[in-house]
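Here are the chains, one letter per residue:
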Amino acid sequence: MFYWVVKAILGPILAVLWQPRAEGVENVPRRGPAIMVSNHLSFSDHFFGPLPLPRKIIFLAKAEYFTGTGVKGFLSKAFFTGVGQIPIDRSGGKASEAALRTGLRVLKRGELLGIYPEGTRSPDGKLYRGRTGVARLALEAKAPVVPMAMINLEKIMPPGRTVPKLGVRPKVVFGKPLDFSRYYGMEKDQRVLRAITDEIMYSLMELSGQEYVDRYAQAVKAEIEAEEKEAKREQQASAKDERRSKRADKKADRKARKEAQKEAKRAAKAQKKAEQKAEKDSPGDDTAGGAE
């Protein structure tokens with residue numbers, strides 16, 4: 001119920017402020033389970049993706065949205081819990097298996113399950129390699145996969161920005177359902193899972209117009225963060241060197257001024273001494289008197 005209340009309130013606001021567009025809404029099944037796979041450009045994907053649909057999308061959301069502290073953490077947890085989003089641990093291994101089972105339960109209830117195959121937001125607006133968990137879900141649940149391409153969302157609220165930017169018109173394109181029934185029973189074959197995942201990502205690439213990079217976004221994001229940290233360290237080191245150089249220059253200036261002052265005192269003292277000597281060596285003004 002909370003989901004529809006939030007949508008009823010936010011929907012008109014989002015429509016007025018950003019005038020979002022949607023294409024291919026008819027490709028989303030009116031009933032029954034389906035996996036909604038989306039590229040991930042921004043935090044605002046959670047809002048604009050489900051907006052044009054008459055059905056609720058339950059996303060598998062990262063656990064960090066539910067574990068924050070303070071007022072911001074409380075509001076985040078309250079919102080994502082209220083709209084039915086499910087927290088998942090993205091650390092891999094048993095956590096990934098648990099997330100898979102959670103998704104299967106959603107699909108078995110005949111609902112729409114939202115997934116971001118890239119696993120994290122794109123660090124630069126490009127489309128990155130998908131993780132094969134979505135393929136396993138499609139085969140085990142025997143559910144159709146509907147590509148959901150977000151366009152321009154990274155311009156509204158890119159990573160690191162807390163206030164949405166106005167003047168950008170977002171767009172969501174829903175592609176035709178992808179049928180992978182020819183692979184049923186092959187969910188343990190890694191080559192099959194990779195082929196399905198790549199087909200899904202190719203469909204998203206066509207719909208979104210993004211440049212595709214055959215690398216995991218998480219690895220690229222880690223590299224970018226490492227480069228930023230290194231650049232920051234270099235900048236700090238440069239600033240430190242500059243401060244050290246300025247201190248050395250000031251010290252040299254003080255030393256030069258002191259030496260100049262000492263030299264001036266020595267010169268004045270030598271001049272005074274020379275003047276005193278000159279006065280002592282010069283003949284007197286008195287003259288010797290002659291006898292009369």
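Look up a bit, the structure's there.
Residues numbered from 1 in each chain as written. Predicted model: local features only at pLDDT ≥ 70, side-chain atom pairs only at ≥ 80, totals over all residues. Heavy atoms only, no water.

### A look at the overall build of the chain
What the chain contains, in helices and strands, is 8 helices and 9 strands. In summary, the chain has a C-alpha radius of gyration of 37 Å against a globular reference of 19 Å for 292 residues, an excess of more than 25%. Along the first, second and third principal axes, the C-alpha set of the chain runs to 150 × 45 × 35 Å. Counting all 292 residues of the chain, 36% fall into the buried class. Summarising the internal contacts of the chain: among those between residues at least 6 apart in sequence, 80% fall at separations of at least 24. (Helix = DSSP H or I, 4+ residues; strand = E, 2+ residues; numbered from the N terminus. Rg over C-alpha atoms; globule rule 2.2 N^0.38 Å. Buried < 20%, exposed > 50% of the residue type's maximum accessible area, 1.4 Å probe, protein only. Contact = heavy atoms within 4.5 Å.)

### A few points about helix 8 (residues 217–281)
Three or four residues apart is the spacing at which side chains of an α-helix point the same way, because the helix has 3.6 residues per turn. The end-to-end C-alpha distance of helix 8, which contains 65 residues, comes to 94 Å, matching closely the 96 Å that a straight helix rising 1.5 Å per residue would cover. Taken together, the buried positions of helix 8 are occupied by Ala-217, Val-220 and Lys-221. Of the surrounding elements, those touching the buried residues of helix 8 are strand 6 (127–128). (Expected span 1.5 Å × (residues − 1).)

### As for the packing of helix 5 (residues 133–141) against helix 7 (residues 190–208)
Packed helix pairs are specified by the crossing angle of their axes together with the interaxial distance, meaning the distance between the axes. Closest axis-to-axis distance for the helix 5/helix 7 pair is 8 Å, and the angle between their directions is 105 degrees. With respect to helix 7, the element helix 5 is oriented roughly perpendicular. For the pair helix 5 and helix 7, the contacting residues are Val-134, Ala-135, Arg-136 and Leu-139 in the first and Val-192, Leu-193, Ile-196, Thr-197 and Ile-200 in the second. Per-class residue counts for the contact of helix 5 with helix 7 are 7 nonpolar, 1 polar and 1 charged. (Axes fitted to C-alpha atoms, helices over the stretch in contact; angles between N-to-C directions. Parallel < 35°, antiparallel > 145°, perpendicular 65-115°, else oblique. Nonpolar A, V, L, I, M, F, W, Y, C, P; charged D, E, K, R; others polar.)

### Describing the sheet that holds strand 5 (residues 112–115)
Taken in spatial order, the 7 strands make up an open sheet running 1-8-7-2-5-3-4, and their pairing is mixed. This sheet does not close on itself; its edge strands, each paired only once, are strand 1 (21–23) and strand 4 (86–88). Geometrically, the sheet is characterised by an average inter-axis angle of 25 degrees between neighbouring strands, direction not taken into account. Running at roughly 165 degrees to strand 2 (residues 34–38), helix 5 makes contact with strand 2, strand 5 and strand 7 (145–151) of the sheet. (Pairing = 2+ DSSP bridges.)

### Considerations on a nonpolar patch on the surface
A contiguous nonpolar patch, built from Met-1, Val-5, Ile-9, Ile-13, Val-16, Leu-17 and Leu-166 and spanning about 720 Å² of accessible area, is present on the exposed surface. As for its position among the elements, Val-5 is in helix 1 (residues 2–18). (Patch = residues over 30% accessible without salt bridge, like charges linked within 9 Å, V, L, I, M, F, W, Y side chains within 5 Å. Areas by Shrake-Rupley, 256 points an atom, 1.4 Å probe, with all protein chains shown as cover. Salt bridge = Lys/Arg side-chain N within 4 Å of Asp/Glu carboxyl O.)

### Observations concerning the pairing of strand 5
Here strand 5 shows two buried faces, one formed by Leu-112 and Gly-114 and the other by Leu-113 and Ile-115. In this structure, strand 2 lies alongside strand 5, joined through 4 bridges in parallel fashion. Of the residues in strand 5, the one forming a bridge with Met-36 is Gly-114.

### With respect to the packing of aromatic side chains
To describe a pair of aromatic rings, you give the distance between the ring centres and the angle between the ring planes. The final tally for this structure, using the stated rule, is 4 aromatic pairs. Note that Arg-131 overlies the ring of Tyr-216, its terminal NZ or CZ placed 4.3 Å from the centroid. Of note, Lys-142 hangs over the ring of Tyr-184, and the distance from its end group to the ring centre comes to 5.3 Å. (Phe/Tyr/Trp six-rings, centres within 6.5 Å; stacked < 30°, edge-to-face > 60°. Lys NZ or Arg CZ within 6 Å of the ring centre and 35° of its normal.)

### Some thoughts on the pairing of strand 7
Most of strand 7 is tucked away: 7 of the 7 residues are buried. By the alternation rule, side chains of strand 7 split into Val-145, Pro-147, Ala-149 and Ile-151 and Val-146, Met-148 and Met-150, which are all buried. Pairing between strand 2 and strand 7: 4 bridges, direction parallel. Along strand 7, the bridge assignment pairs Val-37 with Pro-147. Where strand 7 lies against strand 8 (residues 171–174), 4 bridges are found, and the strand directions are antiparallel. Bridged to Ala-149 within strand 8 is Val-173.

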